[in-house]
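The lines below spell out each chain.
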Amino acid sequence: MLSSETSDFRNLAKVSIVGHPAVGKTSMLKLLSENIIVKRYIPTQGFDLKTVKFNDMIFKIWDFGGQKSYLTYLDDYLIGSDIVIVVTDSSARNVLKSKALIERIKNIMGKECPIIVIANKQDLCESDGRMKQQLVEDILHVKTYGLTAIRASERMKLIEIIKKELNQVLIRKEVKEN
Amino acid sequence: MNFDETELFGAALIGFDMIDGPFLKWKKEFKNSRNKVNIDDFAMNFYLAFRGGNAGKKPRAILYDKFYIVAFPKDLELCCLFMKPQGIEKNIIELNKIAGRIITEMEAVEDKNPNSEESDEDTIEEVKRLVVNLLNGNEMSTPDLRKYFKLSNSQIWKIVSNLESSIKIKRARKKGRAVYWTAV
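What you see is a predicted model; the values in this text were computed from it and never measured. (Residues numbered from 1 in each chain as written. Chains lettered and ligands numbered in written order. Predicted model: local features only at pLDDT ≥ 70, side-chain atom pairs only at ≥ 80, totals over all residues.)

Enquirer: Is there a simple way to think about the sheet that holds strand β6 (residues 140–141) of chain B in this case?
Expert: Residues and elements named next belong to chain B. On the basis of which strands lie adjacent, the open sheet formed by three strands has the order β6-β8-β7 and antiparallel pairing. Two strands bound the open sheet, and with one partner strand each, they are β6 and β7 (169–175). One ladder, built from two bridges, connects β6 with strand β8 (residues 178–183); its direction is antiparallel. Its bridge partner lying in β8, Ser-141 is registered against Tyr-180. (Pairing = 2+ DSSP bridges. Helix = DSSP H or I, 4+ residues; strand = E, 2+ residues; numbered from the N terminus.)

Enquirer: What am I meant to see in the packing of helix α3 (residues 121–134) of chain B against helix α5 (residues 153–165) of chain B here?
Expert: Each pair of packed helices can be described by the angle between their axes along with the distance between the axes. Residues and elements named next belong to chain B. Look at α3 against α5: their axes get within 10 Å of each other, and the N-to-C directions meet at 65°. Judged by the inter-axis angle, α3 sits roughly perpendicular to α5. Viewed along their axes, α3 and α5 form a crossing whose handedness is right-handed. Facing α3, whose interface residues are Ile-124, Val-127, Lys-128, Val-131 and Val-132, α5 presents Ile-159, Val-160 and Leu-163. (Axes fitted to C-alpha atoms, helices over the stretch in contact; angles between N-to-C directions. Parallel < 35°, antiparallel > 145°, perpendicular 65-115°, else oblique. Left-handed = near helix turned anticlockwise from the far one by under 90°. Contact = placed C-beta atoms within 7 Å.)

Enquirer: Mind showing me how you'd approach the environment of Phe-82 of chain B here?
Expert: Residues and elements named next belong to chain B. With respect to the helices and strands, the residue Phe-82 is situated in strand β5 (residues 77–83). Overall, the presence of 25 C-beta atoms within 10 Å leaves Phe-82 in the buried class. Sequence separation between Phe-82 and Ala-11 is 71 residues; the distance between their C-alpha atoms is 5.8 Å. (Buried ≥ 20, exposed ≤ 12 C-beta atoms within 10 Å, placed from the backbone.)

Enquirer: What's the story with the confidence of the model for chain A in this structure? I'm lost.
Expert: Atom-level detail of predicted coordinates should not be read off regions where pLDDT is low. A residue-level look at chain A finds 94% of positions with pLDDT of 70 or above and a mean pLDDT of 86. Below pLDDT 50 for its whole length, residues 1–7 of chain A participates in 13 contacts with residues either more than four positions away or in separate chains. (pLDDT = per-residue confidence, 0-100.)

Enquirer: Honestly, the nonpolar core in this entry has me stumped. Any pointers?
Expert: Where a protein is soluble and globular, its nonpolar side chains tend to be buried together. If you look at the biggest cluster of nonpolar residues, it comprises 66 residues, and the most contacted ones within it are Ile-17 and Val-86 of chain A together with Val-131 of chain B. Three or more residues apiece are contributed to this core by two domains, here domain 1 (1–113) and domain 2 (121–183) of chain B. Here Ile-17 of chain A is in contact with Lys-25, Met-28, Leu-29, Ile-61, Trp-62, Asp-63, Phe-64, Ile-85 and Val-87 of chain A, once residues within four sequence places are set aside. (Core = buried A, V, L, I, M, F, W, Y, C linked by C-beta atoms within 7 Å. Domains from an automatic or database assignment.)

Enquirer: Help me understand the packing of helix α4 (residues 92–109) of chain A against helix α6 (residues 133–140) of chain A, please; the structure alone is not making it clear to me.
Expert: Residues and elements named next belong to chain A. Running from N to C, α4 and α6 point in directions that differ by 45°, and their axes come no closer than 10 Å. Put simply, α4 runs oblique to α6. Handedness of the α4/α6 crossing: right-handed. Along the contact surface, α4 presents Val-95, Ser-98, Lys-99 and Ile-102, while α6 presents Val-136, Ile-139 and Leu-140. Its residues placed into classes, the contact of α4 with α6 shows five nonpolar, one polar and one charged. (Nonpolar A, V, L, I, M, F, W, Y, C, P; charged D, E, K, R; others polar.)

Enquirer: Looking at this model, I keep getting lost on the interface of chain B and chain A. Mind explaining?
Expert: How big an interface is tends to be stated in terms of the accessible area lost upon association of its parts. Contact residues are listed per partner, giving 17 residues for chain B and 18 residues for chain A. When contributions to the side of chain B that touches chain A are tallied by element, the ones reaching two or more residues are α1 (39–51) and α3 of chain B. With five residues, the top contributor of residues to the side of chain B that touches chain A is α3 of chain B. Residues of the side of chain B that touches chain A, tallied by class, amount to six nonpolar, six polar and five charged.

Enquirer: Before we go on, may I ask you to explain helix α2 (residues 89–112) of chain B in this structure?
Expert: Within an α-helix, residues lying three or four positions from one another point in the same direction, as the helix has 3.6 residues per turn. Compared with an ideal rise of 1.5 Å per residue, which puts 24 residues at 34 Å, α2 of chain B spans 35 Å between its outermost C-alpha atoms and is within 8% of the ideal. Across the 24 residues of α2 of chain B, zero count as buried, placing the element largely on the outside. (Expected span 1.5 Å × (residues − 1).)

Enquirer: Help me understand the pairing of β5 of chain B, please; the structure alone is not making it clear to me.
Expert: On a regular strand, each side chain points to the face opposite its neighbour's, so the side chains alternate between the two faces of the sheet. All names here are of chain B. Sheet analysis places strand β1 (residues 8–17) next to β5, joined by six bridges and oriented antiparallel. Within β5, the residue paired with Ala-12 across the bridge is Cys-80. Two strands pair when backbone bridges link them, and strand β4 (residues 68–74) and β5 are joined in this way by seven bridges, in the antiparallel orientation. Counterpart to Phe-72 in the pairing with β5 is Cys-79. As consecutive antiparallel partners, β4 and β5 are separated by two residues, and within that stretch Asp-75 has a phi angle of approximately 50°, a positive value.

Enquirer: In this structure, what is going on with the sheet that holds strand β1 (residues 12–19) of chain A? I would like to understand it.
Expert: Residue and element names in this part refer to chain A. Across the sheet, six strands lie side by side as β2-β3-β1-β4-β5-β6; this open sheet has mixed pairing. Both outer strands of the open sheet, β2 (47–54) and β6 (144–146), are each paired with one neighbouring strand and no more. When the angles between neighbouring strand axes are averaged without regard to direction, this sheet yields 25°. Relative to strand β3 (residues 57–64), β2 is paired through eight bridges, and the arrangement is antiparallel. Its bridge partner lying in β3, Asp-48 is registered against Asp-63. Against the sheet, helix α7 (residues 155–177) contacts β1, β2, β3, β4 (83–88), β5 (115–119) and β6, and its axis sits at roughly 140° relative to β4.

Enquirer: Help me out: how do you make sense of the environment of Leu-145 of chain B in this one?
Expert: Counting through the fold element by element, Leu-145 of chain B comes out in helix α4 (residues 142–146). In contact with Leu-145 of chain B, other than residues within four places in its own chain, are Val-131, Leu-134, Met-140, Ile-156 and Val-160 of chain B.

Enquirer: Sorry, what's going on with unusual backbone geometry here?
Expert: The phi angle of most residues is negative, glycine excepted, and most peptide bonds adopt the trans form. Residues and elements named next belong to chain A. You will see that Ala-22, though not glycine, has its phi angle at about 60°, which is positive. Counting through the fold element by element, Ala-22 comes out in the loop between β1 and α1 (25–32). Not every positive phi belongs to a glycine, and Asn-55 is a case in point at roughly 50°. Within the fold, Asn-55 resides in the loop between β2 and β3.

Dropping the structure here:
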């Protein structure tokens, strides 16, 4: 679907990753760009931008710092996003806090831009009681995918999630136009 | 720092688009350039570093480890000159020593006059969530943890003790007087 003939994104999509601090946004960016993920936490200052090429698709990925002072600028920098990914660390507290963030993003982006949730740190569900993907989805009422961003093997899964969601945007647009 | 034209190894113009934000308009690399900077990927960060925020003071030059950038804004565009610094290593080493000394002095002052401001319950709970995430698969001492938050020594100790009691984190080892923590 996302071939050069059909893509509205002209094979270039702006993917925005948003979420509260230390939920794994930068780990996801590193996972996509095949950079080494270090376990020591280094907060993203402002935002980071990386271009990831995958087959005929180019993802421009914006990784926003999760601190309150940086989230102030969300309205300006989310403009033009083809998809917004809200990341949660799957802890009960953070999932509930993410609800307000999702509402804010919905207000900024309107209905056209898909918002999906990544329930990260799924490897910790058994050991420290993080919520499973389905429960996160039930609480947030937004399409949710489970992920463990520190596992390099999950890169393809994440790319497929993004491609699938972008495809659905195209399908919706086509249906609307016809 | 004395300017020498041979220090110049590249130039770039970063434009600004209302929809896409900063973008690389053009770049020029000079002969014999051994310094490889991925300007395409860094354009956004340079723009933000030089022009971030809406008002106030803006930097004219930024010194990185192996190069420095001098930038000249023109309307919404930013012309960046990429330079190879020469003969400043000694200065940097000396300045690093001074910075280290000031940090130690100020930490001692801070320890004598701890921040007595009480954080609200919501902030404390958010700090707890973050501490558990920071310690997941990682070992950090209490002073290391403190650097991530606006908290005094006693406040961070109270939080880690609380997390230890609720079996969210545990003591991994001790190095000197510092206790290293890790997530359970």
